Amino acid sequence: MEALRVDDVRKSFRGDLSLRRREVLRGVSLWAEAGEILGFLGPNGAGKTTTIKIILGLLRPDSGSATIFGAPAGGRDAARRIGYLPETPYFHPHLSLREFLEFCGVLSGLSGAGLRGRIGETIDLVGLGPHAGRRLRGFSKGMLQRAGLAQAILHDPDLLVLDEPFSGLDPLGRKTVRDILVDLKGRGRTIFFSSHILPDMEALCDRTAIIREGTVTRSVTLDEIYRLGEGRVEVTARGCAPGTAHDLADYVESAQCSGGETFLLVRRQEFVRTVIQHLYRSGAEVLEVTNHHPSLEEVFLDEFAIRPSPGGTDPAKSRAVGAGAEGRAS
Amino acid sequence: MRAIAAVARSTFRETIREKLLFLVAAYGLVLMVSTWILSPLSVGAARDKIVVDVGLAGISLFGVLTAIMIGGALVHKEIDKKAVYLVLTRPVSRGEYLVGKFAGIMGAIGSLVGLMAVLLVLIMLAGRVEITRVLFAAVALSLVEIAVIAAVVVFFSTFTTPILTSFFTIGVFIAGSLGSDLRAFAQKFGGAAMQRTMDAMYFALPNLTVFNLRSEAVHGLRLTAFEFFAAVLYGTVYAGAMLYFAWLVLRRREFA
Ligand SMILES: Nc1ncnc2c1ncn2[C@@H]1O[C@H](COP(=O)(O)OP(=O)(O)OP(=O)(O)O)[C@@H](O)[C@H]1O
Ligand SMILES: [Mg+2]
């Protein structure tokens, strides 16, 4: 079953001075299966927060649609099943954490002993136990982020939509959040979150949708990322003769030296033998031969930094760029 | 209903934790100082009238000012700072949110008015001023007037800044307090266009003079139940219409 579907959503904003509208989302499409963790990745200003606000019904799309378990975004049925963490959490500063969660819980339809129990549990879960009675006014950024997560998961929603849940957290906080998300997934909940912290995203997501200038250009699974590197092998050697990289240029994609060791990224499986033989012959010592798995970070940098897009966005072109990356790997 | 109550309670708390009590203290002080200063000048009945007049005027003015200052900032701040995200992304309609906000603001200002009324009665008891039923009717209608102004504030604050909201609402308050005076003035001295504008304003703006029972209270005049309830009904309908317009705005509004 689909927990979340965003279908060809377009959204433009009026510029500050001119009356011309600037199109921020140019046909965003994505979906999340129930029980899946879907990451949302893209550079600053790509349109992640805008997409998320449309999913929550805070913004209306110019065209296209968003549905939550089949219900239209922004409606009561959708709202009942969603938990949301805004990008910059601001909560009523005059309330204590407990009062604040009480307020949120009642709005989500909880009450009585059930609500009180949930509040206690949730506060402990996000690690704010000692601060339950304090006013939010005095909370640090990381504490507010935790309070924000607490209100999002309080009513145990079927779909969690989190806008940068790791921002402002210390390493312990990041682990806490990761553990909470993994636990929720284990209990069949669906999670959709944006983040710039790639290792966290890689560790958590079943799939990652990559957005660039208002269009989702790729949607990759962890398997696919691994497969991108299939056939590529990394060879670590010591005592390479100068000029080795040059000699092997046809077989090796990149060569890096550090601390007397050389890391060679071999283009294809069948070249490995040739490379190792060359190394032995030139008097080098082979230390390690491993399969190379690119990280999400490499995919991300590959998509964005290495070949900056020339001005406008042509979805066809961006897709071609993605295909190019795969083509080169094979 | 539970959602409305939750929003109202939170708004009430927020308002109470702003330093509202200082306003009550200021009111008491102004009232006492003005009566002590004025009382040697006048004796007996005249002094009593001053206490009642100043006391009721103070309640109305402080209540309206609080509604304008606190109400406008409250709604706008919540939208501006995005606290409203947490409410509107839950199964709460925008109408429920509005009604809850309004109820919370009125709850807080109602308590303020209540405290000021108690203070006034205490001062009157201390000064052996006669306490009439019209006095309580006057306080009650002040509260209705404040509700009308608070609804106007909520309406404006769904789409403008607190400063403009205050500006517009003060305009509505002044024009509304003049009641038919402006219209009568236009009918006497203005041209046709002026007359039509004044007619339009007279019907669009709230006629706040119907909530003013100060002269009745001061001079001990009679007040019929019909007059009283007609004023209450008028205020309720007007405030309801304002909240309805606010809902029309908020319903379509996006939160960027
Ligand atoms: N209310 C608004 N009015 C005008 N432009 C806006 C508005 N909100 C967002 N934008 C523009 O839309 C684009 C996308 O913004 P968005 O906040 O969705 O980016 P993002 O992907 O969340 O970025 P970040 O990683 O920095 O959070 C940006 O260029 C931004 O300037
Ligand atoms: Mg963002």
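Computed from a predicted model, the values in this text were never measured in an experiment.

Regarding its fold elements, chain A presents 12 helices and 14 strands. Across chain A, the fraction of contacts at a sequence separation of at least 24, relative to all contacts at a separation of at least 6, is 69%. Counting only carbon and sulfur atoms, one obtains 50% of the accessible surface of chain A, whose full area is about 15200 Å².

A separate point is the coordination of the magnesium ion (ligand 2). Those protein atoms acting as donors to the magnesium ion (ligand 2) are A:Thr49 (OG1) and A:Glu87 (OE), and they sit at 1.9 to 2.3 Å. Taken together, the residues span a long stretch of sequence, with A:Thr49 in helix α1 (residues 48-56) and A:Glu87 in the loop between β6 (82-85) and α3 (97-107) at a distance of 38 residues.

Time to look at the side chain of B:Ser10. Take B:Ser10: it is sitting in helix α1 (residues 2-17). Leaving out residues up to four positions away in the same chain, B:Ser10 has contacts with A:His92, A:His94, A:Leu95 and A:Phe103.

So, on to the packing of aromatic side chains. What describes a pair of aromatic rings is the distance from one ring centre to the other and the angle between the planes of the rings. All names here are of chain B. Scanning all chains against the criterion turns up 16 aromatic pairs over all chains. Measuring from ring centre to ring centre gives 6.0 Å for Tyr-244 and Trp-247, while their planes differ by 35°; the resulting arrangement is tilted. Pair noted here: Tyr-244 and Trp-247 are both in helix α11 (residues 225-252), with a separation of 3 residues, about one helical turn. Under the relative-accessibility criterion, Trp-247 is labelled partly exposed at 29%. Each residue in the set Phe-155, Phe-156, Phe-159, Phe-167, Phe-168, Tyr-244, Phe-245 and Trp-247 is aromatic and connected to the rest through ring pairs, giving one cluster.

By nearness alone, 15 residues border ligand 1, and A:Gly45, A:Lys48, A:Thr49, A:Thr50 and A:Glu87 come closest of all. More than one chain lines the surroundings of ligand 1; the residues nearby belong to chains A and B. A:Thr49 is positioned with one of its side-chain polar atoms (N or O) 2.7 Å from an oxygen atom of ligand 1. A distance of 2.9 Å is found between an oxygen atom of ligand 1 and a side-chain nitrogen or oxygen belonging to A:His196. A total of 630 Å² of accessible area belongs to ligand 1 in isolation, and the protein chains cover 69% of it. Of all the secondary structure elements, the ones that give two or more residues to the shell around ligand 1 are β2 (21-33) and α1 of chain A. The residue makeup of the shell around ligand 1, split by class, is 5 nonpolar, 6 polar and 4 charged.

Residue and element names in this part refer to chain A. The 4 strands lie next to each other as β2-β1-β4-β5, forming an open sheet whose pairing is antiparallel. Both outer strands of the open sheet, β2 and β5 (71-72), are each paired with one neighbouring strand and no more. Pairing analysis gives 10 bridges linking strand β1 (residues 2-14) to β2, with the strands arranged antiparallel. Residue pairing for β2: Arg-14 is matched across the bridge by Arg-21.

What follows covers the environment of A:Gly105. All names here are of chain A. Position of Gly-105 among the secondary structure elements: in helix α3. On the basis of relative accessibility, which here comes to 0%, the residue Gly-105 falls in the buried class. As a C-alpha pair, Gly-105 and Ile-210 span 105 residues in sequence and 33 Å in three-dimensional space. Sequence-distant contacts of Gly-105, defined by excluding residues within four places in its chain, comprise Leu-110, Leu-115 and Leu-154.

Take the sheet that holds strand β11 (residues 233-238) of chain A next. All names here are of chain A. Reading across from one edge, β12-β13-β11-β14 is the order of the 4 strands in this open sheet, with antiparallel pairing throughout. Across the chains shown, the open sheet's two edge strands, defined by having one partner strand only, are β12 (252-258) and β14 (285-291). Each adjacent strand pair in this sheet contributes to an overall mean axis angle of 20°, direction not counted. Pairing between β11 and β14: 6 bridges, direction antiparallel. From the neighbouring strand, Glu-234 faces β14, where its bridge partner is Thr-290. Strands in contact with helix α10 (residues 272-281) are β11, β12, β13 (261-266) and β14; relative to β14, the strand with the most contacts, it is inclined by about 165°.

What counts as what
Residues numbered from 1 in each chain as written. Chains lettered and ligands numbered in written order. Predicted model: local features only at pLDDT ≥ 70, side-chain atom pairs only at ≥ 80, totals over all residues. Heavy atoms only, no water. Helix = DSSP H or I, 4+ residues; strand = E, 2+ residues; numbered from the N terminus. Contact = heavy atoms within 4.5 Å. Areas by Shrake-Rupley, 256 points an atom, 1.4 Å probe, with all protein chains shown as cover. Donors = N, O, S within 2.8 Å, 3.2 Å for Na, K, Ca; no water. Phe/Tyr/Trp six-rings, centres within 6.5 Å; stacked < 30°, edge-to-face > 60°. Buried < 20%, exposed > 50% of the residue type's maximum accessible area, 1.4 Å probe, protein only. Near = heavy atom within 4 Å. Polar contact = N/O pair within 3.5 Å; in protein donor to acceptor, adjacent residues only side chain to side chain. Nonpolar A, V, L, I, M, F, W, Y, C, P; charged D, E, K, R; others polar. Pairing = 2+ DSSP bridges. Axes fitted to C-alpha atoms, helices over the stretch in contact; angles between N-to-C directions.

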